[in-house]
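Descriptive structure summary
One-letter residues, chain by chain:
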Amino acid sequence: MILPIVAYGDAVLKKKAKTIDKDYPKLNELIENMYETMYGAYGVGLAAPQIGLAIRMFLVDASPFADDDSLSEEEQEQLKGFKKTFINAQILEEEGEEWAFNEGCLSIPDVREDVFRKPKIKIQYQDENFDTHVEEYDGLIARVIQHEYDHIEGVLFTDKLSSFKKRLIKGRLTNISKGKIKIDYRMRFPAMSKKR
């Protein structure tokens, strides 16, 4: 089932999400619905706060990046099969010299900006069976994970922009929160739900 994606301005996007255990109600169904929602919006990642749940879970499917000819064959190959569910994730380390990449977000449609992040991460998480993993990633995969991880920490990519950039996009962000935007996937807008 495709769920509405929560738009910029909703308080849930600013909350630090809570850990869950294997007794979380209808978890497998929720994961399935989140993948369906993400694919329906042509996303490469989706975090639970983006569907209105302040829990520490996000998913990533980096395969759409595999067609990028500017990447090495090795990186294209890595991206091709990269599909994972991250539950109760903790980034343990971020290393390297920060690099810029143009990021967007399903909760902030039509806004894309360069964001600086470190290229290598070490992350501990549980999969959908609650088995614990500690893994290291770099490049685009690391970046997608960092972006989604920020969501469960209550951070949006726009929070990482300079105050000048933030001022430039302020009007667009306000319009998004009011639902004054054309999108081709289901969304829930904070300013509109208050009127009801």
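Each remark here, short or long, concerns the structure printed above.
Per chain, residues are indexed from 1 in the order of the written sequence. Residues qualify for local features only when their pLDDT is at least 70, as the model is predicted, and side-chain atom pairs are given and counted only at 80 or more; totals for whole chains, interfaces and linings, by contrast, use all residues. Values reported for side chains reflect all heavy atoms of the structure, with hydrogen atoms and water molecules removed beforehand.

Turning our attention to the overall build of the protein. Elements are defined by DSSP. Helices are runs of H or I of four residues or more, strands are runs of E of two residues or more, and each kind is numbered from the N terminus. A tally of regular secondary structure across the protein gives 5 helices and 9 strands. Along the protein, from the amino end to the carboxyl end, the secondary structure elements read β-α-β-β-α-β-β-β-β-β-α-α-β-α. Our radius of gyration is a C-alpha quantity, and the globule rule it is checked against amounts to 2.2 Å times the number of residues to the power 0.38. For the protein, whose C-alpha radius of gyration is 16 Å, the value lies close to the compact-globule estimate of 16 Å for 196 residues. Considered along the principal axes of its C-alpha atoms, the protein spans approximately 45 × 40 × 30 Å.

Two rings belonging to Phe, Tyr or Trp (six-membered ring only in the last case) form a pair when the distance between their centres is within 6.5 Å. Interplanar angles under 30 degrees mark stacking, angles over 60 mark edge-to-face geometry, and anything in between is tilted. Per the stated rule, a full pass over the model turns up 6 aromatic pairs. With centroids separated by 4.4 Å and ring planes inclined at 50 degrees, the aromatic side chains of Phe86 and Tyr125 adopt a geometry described as tilted. With Phe86 in strand S4 (residues 83-95) and Tyr125 in strand S7 (residues 120-126), this pair connects stretches of sequence that are 39 residues apart. For the pair Phe86 and Tyr125, a shared accessibility class is recorded, and that class is buried. One aromatic cluster in this structure is built from Phe58, Phe86 and Tyr125. As a reminder, the over-ring test applies to NZ of lysine and CZ of arginine, requiring each to be within 6 Å of the ring centre and within 35 degrees of the ring normal. For Lys83, the ring lying beneath its charged end belongs to Tyr35, and the centroid distance is 4.7 Å. To sort residues, take the accessible area from a 1.4 Å probe on protein chains only and compare it with the maximum for the residue type: under 20% means buried, over 50% means exposed, and anything in between is partly exposed.

Our next topic: the pattern of salt bridges. Salt bridge, as used here: a side-chain nitrogen of Lys or Arg that lies within 4 Å of a carboxyl oxygen of Asp or Glu. In the structure shown here, the tally under the stated rule is 12 salt bridges. With its nearest N and O atoms 2.7 Å apart, the salt bridge here joins Arg56 to Glu153. Remark: Glu153 occurs in the loop between helix H3 (139-152) and helix H4 (163-177) and Arg56 occurs in the loop between strand S2 (45-47) and strand S3 (57-61); sequence separation between them is 97 residues. Measuring nitrogen to oxygen at the nearest pair gives 3.6 Å for the salt bridge that ties Glu113 to Lys165. Taken together, the residues Glu113 in strand S6 (residues 108-117) and Lys165 in helix H4 connect sequence positions 52 residues apart. Each of Glu103, Arg117, Arg143, Asp150 and Lys160 takes part in one network of salt bridges that share partners.

We now examine the sheet that holds strand S8 (residues 132-138). Note on pairing: two strands pair once DSSP finds at least 2 bridges between them. On the basis of which strands lie adjacent, the open sheet formed by 5 strands has the order S2-S3-S4-S7-S8 and antiparallel pairing. Edge strands, defined here as strands with exactly one partner in the open sheet, are S2 and S8. With direction set aside, neighbouring strand axes in the sheet form an average angle of 40 degrees. Sheet topology places S7 next to S8; 7 bridges connect them, and they run antiparallel. Within S8, the position partnered with Gln124 by the bridge is Val134. Two residues form a contact once any of their heavy atoms are found within 4.5 Å. The axes are straight lines fitted to the C-alpha atoms, using for helices just the contacting stretch, and the angles between their N-to-C directions are given from 0 to 180°. Helix H1 (residues 27-40) contacts S2, S3 and S4 of the sheet and is inclined by roughly 45 degrees relative to S3. Strands in contact with H3 are S2, S3, S4, S7 and S8; relative to S3, the strand with the most contacts, it is inclined by about 155 degrees.

Moving on, we get to the packing of helix H2 (residues 73-80) against H3. With their axes 9 Å apart at the nearest point, H2 and H3 run at an angle of 40 degrees to one another. Compared by their axis directions, H2 and H3 come out oblique. Where H2 abuts H3, its residues Glu75, Gln78 and Leu79 lie against Gly139, Leu140 and Ile141. Side-chain classes are defined by residue name, with Ala, Val, Leu, Ile, Met, Phe, Trp, Tyr, Cys and Pro counting as nonpolar, Asp, Glu, Lys and Arg as charged, and the others, Gly among them, as polar. Counted by class, the contact of H2 with H3 contains 3 nonpolar, 2 polar and 1 charged residues. Should an angle fall under 35 degrees it is called roughly parallel, over 145 degrees roughly antiparallel, and 65 to 115 degrees roughly perpendicular, with every other angle called oblique.

For soluble globular proteins, nonpolar side chains are generally found buried alongside one another. To define a nonpolar core, start from buried Ala, Val, Leu, Ile, Met, Phe, Trp, Tyr and Cys residues and group those joined through side-chain atoms within 4.5 Å. Of all hydrophobic cores here, the largest spans 36 residues; its most connected members are Leu27, Met34, Leu46, Met57 and Ile108. Only strand S1 (5-6), H1, S3, S6 and H4 provide two or more residues apiece to this core. With 6 residues, the top contributor of residues to this core is H1. Those residues in contact with Met57, other than ones at most four positions away along the chain, are Leu27, Leu30, Ile31, Met34, Ala47, Ala48, Pro49, Thr85, Phe86, Ile87 and Ile152.

So far we have only geometry, and geometry alone does not tell us how the molecule works.
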